[in-house]
Amino acid sequence: MRTEKWPFPTGARYARALAEALRTETIGGVIMLVAAIVALLWANVSHDSYEALRHASLGPMELYQWAQHGLLTIFFFVAGLEVKEEFVHGELSNPRKAALPIIASLAGMVMPAIVFLLVSWGAQDASRGWAIPTATDIAFALAVLAVTAGAMPAALRAFLLTCAVVDDLGAIAVIAVFYTERVNVPMLLLGAALVAAYGLLQRRLVTSPWALVPLAVAAWYCVEVSGVHATVAGVALGLMTRVTTAPHEQRSPAEAADHYFRPVSAGLAVPVFAFVSAGVKLDGSSVGAIFADRVVLGVMAGLVLGKFLGVFGGAWLSVRLGLARLSEELHWRDMAAVSLLAGIGFTVSLLIGDLAYGDDRQRAEAVTTGILAASVIASILAAVLLKIRVRKRRIALDDV
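This report concerns the structure included in the present document. Within any chain, residue numbers begin from 1 and follow the written order of that chain's sequence. For this predicted model, a pLDDT threshold of at least 70 governs which residues receive local features, and a threshold of 80 or more governs which side-chain atom pairs are given and counted, while totals over whole chains, interfaces and linings are taken from all residues. With hydrogens and water stripped out, all remaining heavy atoms of the structure feed into the side-chain values.

### Here we look at the packing of aromatic side chains
How two aromatic rings sit relative to each other is set out by the distance from centre to centre and by the angle between their planes. Stated formally: Here a Phe, Tyr or Trp ring, Trp counted by its six-membered ring, pairs with any other such ring whose centre lies within 6.5 Å, and the pair is stacked when the planes are under 30 degrees apart, edge-to-face when over 60, and tilted otherwise. Residue burial is assigned from relative accessible area. The probe radius is 1.4 Å, only protein chains are included, and a residue is buried under 20% of its type maximum, exposed over 50%, and partly exposed in between.
Applying the stated criterion across every chain, the model contains ten aromatic pairs. Centre to centre, the rings of Trp 42 and Tyr 50 are 6.5 Å apart; their planes meet at 65 degrees, and the pair counts as edge-to-face. Classification of Trp 42 by relative accessible area gives partly exposed; the value is 34%. An angle of 80 degrees between the planes, with centres 5.1 Å apart, marks the rings of Phe 75 and Phe 76 as edge-to-face. For the residue pair Phe 75 and Phe 76, the accessibility class agrees, reading buried in each case.

See below:
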């Protein structure tokens, strides 16, 4: 009797297939979006049970605190690996190529802050939220680009990725400098020493997780206890990870770490953070309060308008002044579309929003709603422009 082979992966094969799927930008972005939608539905059907889950105690911290200070550190560790890779082997390794996305990204942080401050001027505690619209969500933005414009030149994705990487570095610097109230200096120095020891082991070609993981966890703990946000430790450890391959290695430690931790980031860390952060009530009074709160309007204007003006304007000005050059594969209309994508704040904007207004739950929920709304608006506008550009490129190719 002939037995049909089961066509789907099972056991270890299933785990490998799932991990591989989670390494793709589209799948990770979709899972994050689903988590946010589930949170919104749950919070509006049973807000009390949702809040009870958010504040469920898990040892020394509550669930939402573990998501912010623990799981999100994994996301920033992966971001740190990307930054290091870009500096050594990617776009940032070539000053001429790096100038365009770096200048665009820096302008894309300054302009949203200016727009936010102009719109929210005079509102109570407005100055605490200036950094909320300065961040771009790497996973979400790249997922939208992959879904809507997979046929666009690779140079466009490289520009967006590099912008987002520089953006993440800026966001971490902002969190460390402006959203740290008290610092336990001895613990911070101990954390820095542990990060340095981790980096020294990397340089000495030590790759054993039994040596590296305890050091990384200890560094995370020390930075967390010091009062500086623990995600700073994640980026620092990512930057300290070696991206060069030794003669006896098939892949570098950074490649190995990215291989193992990216699925954890995309499949667990970011979705859980999105779930515990995105659950806000959307009844008539709460939605109406958004448009009456200049801080929320400033966040929305900063993400949708400020990001576009900053990224596109910074790129155009850098080319105009001869500081950088635009790839021959790209058109300024392509840059306009991807500049709108930079307005997807989501993960990092939600984190900064909670750091800024976490002690005022009503304001924090309103800001969260504004971030979600702005991210959706930026996604739709960018997707429409990208679809138009893809169609026109195809028509141009057919006419050749």
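### Considering the packing of helix α11 (residues 253-277) against helix α15 (residues 346-357)
Test applied: In this analysis an axis means a line fitted to C-alpha atoms, helices contributing only their contacting stretch, and an angle means the value between N-to-C directions, from 0 to 180 degrees. Where helices and strands are cited, they refer to DSSP runs of H or I of at least four residues and of E of at least two residues respectively, numbered from the N terminus. The scheme is simple: roughly parallel for angles under 35 degrees, roughly antiparallel for over 145, roughly perpendicular for 65 to 115, oblique for anything else. Note: crossing handedness is left-handed where the near helix turns anticlockwise from the far helix by less than a right angle, and right-handed where it turns clockwise. In this description, contact between two residues means that some pair of their heavy atoms is separated by no more than 4.5 Å.
α15 packs onto α11 with a crossing angle of 50 degrees between their chain directions and a minimal axis gap of 11 Å. By the angle between their directions, the pair α11 and α15 is classed as oblique. Read as a crossing pair, α11 and α15 show a hand that is left-handed. Residues Val 270, Phe 273, Ala 274 and Ser 277 of α11 pack against Phe 346, Thr 347, Leu 350 and Leu 351 of α15.

### Observations regarding empty space enclosed by the protein
Selection rule: Residues are said to line a cavity or pocket when one of their atoms sits within 4 Å of a point; the points come from a 1 Å grid over protein atoms alone, cavities being sets where a 1.4 Å probe fits but cannot get out and pockets being open sets with protein on both sides within 12 Å along at least five of seven lines. Grid points are joined across faces, edges and corners, and a volume is the space filled by probe spheres set on the points. Residue classes follow a fixed rule: Ala, Val, Leu, Ile, Met, Phe, Trp, Tyr, Cys and Pro count as nonpolar, while Asp, Glu, Lys and Arg count as charged, and any other residue, Gly among them, counts as polar.
Tallying each qualifying case throughout the model produces two cavities of 30 Å³ or more. In this structure, the largest cavity spans a volume of roughly 130 Å³. Taken together, 14 residues line the largest cavity, and the ones lying closest to its centre are Arg 54, Ser 277, Leu 350, Asp 354 and Thr 368. Mapped by element, the contributors of at least two residues to the lining of the largest cavity are α4 (63-88), α11, α15 and α16 (361-399). The biggest single contributor to the lining of the largest cavity is α16, with five residues. Along the lines of polarity and charge, the residues of the lining of the largest cavity split into seven nonpolar, four polar and three charged. Quantified by volume, the second largest cavity comes out at close to 50 Å³.

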